[in-house]
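Structural overview
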Amino acid sequence: MQKTNLKWVVAQKLEYLWWIRYLKKKNPTEYLIKKIGYWKKMLGAIEDVVVIQPGAAVLDAGCGPAGIFIALNNNKVEAIDPLLDKYQNLPVFKPAHFGWTHFRNIPIEALDDKEKYDIIFCLNAINHVNDINICCKNLVDSLKPNGFLVMSTDAHRHPLLKKIFQLLPGDMLHPIQLDINEYADFLEKNQMKLVKKILYKRESIFDYYILIAQK
């Protein structure tokens, strides 16, 4: 039986509170327009490797209230997140507005789809999970043969700071604290071929990477 990490429980509560504070003074319509632009820019950064055909089966894993599903209106999208029941209280998350998306209120650890998706996005989510081993296995199992997994995450730049963050609650929103090579290793040990690694944004402690892997 899977154990629930206390760090994860706390992180989930803080994540919901973070969204409430972050969205408090934002106009929902303006925010969603800006967010769609953000996702389209990211899709442009990977289009030399991953081209999303109309009608492709897509999973948005750890979607949050405004995940990449909002920009995929030409696709059949499943979106999963353990906080979706709470996100319905947020003004930006109105499931009826995204008719191309089917939402499920589950964590990635509970995903049990088999070879269902052409493309899986796990964006800004893998460092939020309870059990990264189970999550990576479930994501890979859910991909069709030759399907693509696109994963983005903050990754530690400095080994010493990584160890400190792992031991102490320096970043309580993110129970998983790894460098980019460690994230890539989780994909490769699940028989995924790492196709591209994109340094998308650099900050003082973290680098923000996009990993593209193929089954």
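Quick summary incoming for the structure in this document. The structure presented is a predicted model; accordingly, all values stated were derived computationally and were not measured.

What counts as what
Here the residue numbers are simple positions, counted from 1 along each chain's written sequence. Local features in this predicted model are restricted to residues of pLDDT 70 or higher, and side-chain atom pairs are both shown and tallied only at a pLDDT of 80 or more, whereas totals for entire chains, interfaces and linings draw on every residue. Side-chain metrics in this entry use all non-hydrogen atoms of the structure; hydrogen atoms and water are not considered. Numbering of helices and strands starts at the N terminus; helices are DSSP runs of H or I of at least 4 residues and strands are runs of E of at least 2. To get the radius of gyration, use the C-alpha atoms; to get the globule rule, take the number of residues to the power 0.38 and multiply by 2.2 Å. Salt bridges are identified by distance alone: a Lys or Arg side-chain nitrogen within 4 Å of an Asp or Glu carboxyl oxygen. For each residue, the accessible area found with a 1.4 Å probe, counting protein chains only, is set against the maximum for its type, and the residue is called buried under 20%, exposed over 50%, and partly exposed in between. A pair of strands counts as paired when DSSP detects no fewer than two bridges linking them. Orientation is described by axes fitted as lines to C-alpha atoms, over the contacting stretch for helices, and by angles from 0 to 180 degrees between their N-to-C directions. The span one expects for a helix is its residue count, reduced by one, times 1.5 Å. Here, the arc refers to the directions that run from the helix axis to the C-beta atoms. Each Phe, Tyr or Trp ring (for Trp, its six-membered ring) is paired with any other whose centre lies within 6.5 Å, and the angle between the two planes then decides the class: stacked below 30 degrees, edge-to-face above 60, tilted in between.

1. Details of the overall build of the protein chain
- The number of helices and strands found in the protein chain is 6 helices and 7 strands.
- The linear arrangement of helices and strands in the protein chain, starting from the amino end, is α-α-β-β-α-β-β-α-β-α-α-β-β.
- Here the C-alpha atoms of the protein chain give a radius of gyration of 16 Å, agreeing with the 17 Å that 2.2 N^0.38 yields for 215 residues.
- A principal-axis box enclosing the C-alpha atoms of the protein chain has dimensions of 45 × 40 × 40 Å.

2. Description of the pattern of salt bridges
- This structure, assessed with the given rule, holds 12 salt bridges.
- The salt bridge partner of Lys-201 is Glu-203, with a shortest N-O separation of 3.3 Å.
- A relative accessible area of 38% means that Glu-203 is categorised as partly exposed.

3. Focus: the sheet that holds strand E5 (residues 143-156)
- The sheet built from 7 strands is open, its strands ordered E3-E2-E1-E4-E5-E7-E6 with mixed pairing. Looking along the sheet, the strands with just one partner apiece sit at the ends: strand E3 (101-104) and strand E6 (193-202). Within this sheet the neighbouring strands show an average axis-to-axis angle of 15°, counted without direction.
- Where strand E1 (residues 57-61) meets strand E2 (residues 76-80), 5 bridges bridge the pair, whose relative direction is parallel. Considered in E2, the bridge of Asp-60 is made with Ala-79.

4. A word on helix H2 (residues 28-46)
- For H2, which comprises 19 residues, the first-to-last C-alpha distance of 27 Å matches the rise-based estimate of 27 Å (1.5 Å per residue) to within 8%.
- Of the positions making up H2, those classed as buried are Tyr-31, Leu-32, Lys-35, Trp-39, Met-42, Leu-43 and Ile-46. For H2, the buried positions fall inside an angular range of 110° around the axis, keeping them on one side. Pointing more than 90 degrees away from the buried face of H2 are the exposed residues Thr-29, Glu-30, Ile-33, Lys-34, Lys-40 and Lys-41.

5. Some points on the pairing of E1
- Most of E1 is tucked away: 5 of the 5 residues are buried.
- The alternating pattern of E1 places Ala-57, Leu-59 and Ala-61 and Val-58 and Asp-60 on opposite faces, both of which are buried.

6. Side note on the packing of aromatic side chains
- Summed over the entire model, instances satisfying the criterion amount to 12 aromatic pairs.
- A centroid spacing of 5.1 Å and a plane angle of 85° characterise the contact between Phe-69 and Phe-103, whose relative ring orientation is edge-to-face. Within this pair, whereas Phe-69 is found in the loop between E1 and E2, its partner Phe-103 is found in strand E3, the two being separated by 34 residues in sequence. For the residue pair Phe-69 and Phe-103, the accessibility class agrees, reading buried in each case.
- With centroids separated by 5.8 Å and ring planes inclined at 80°, the aromatic side chains of Phe-98 and Trp-100 adopt a geometry described as edge-to-face.

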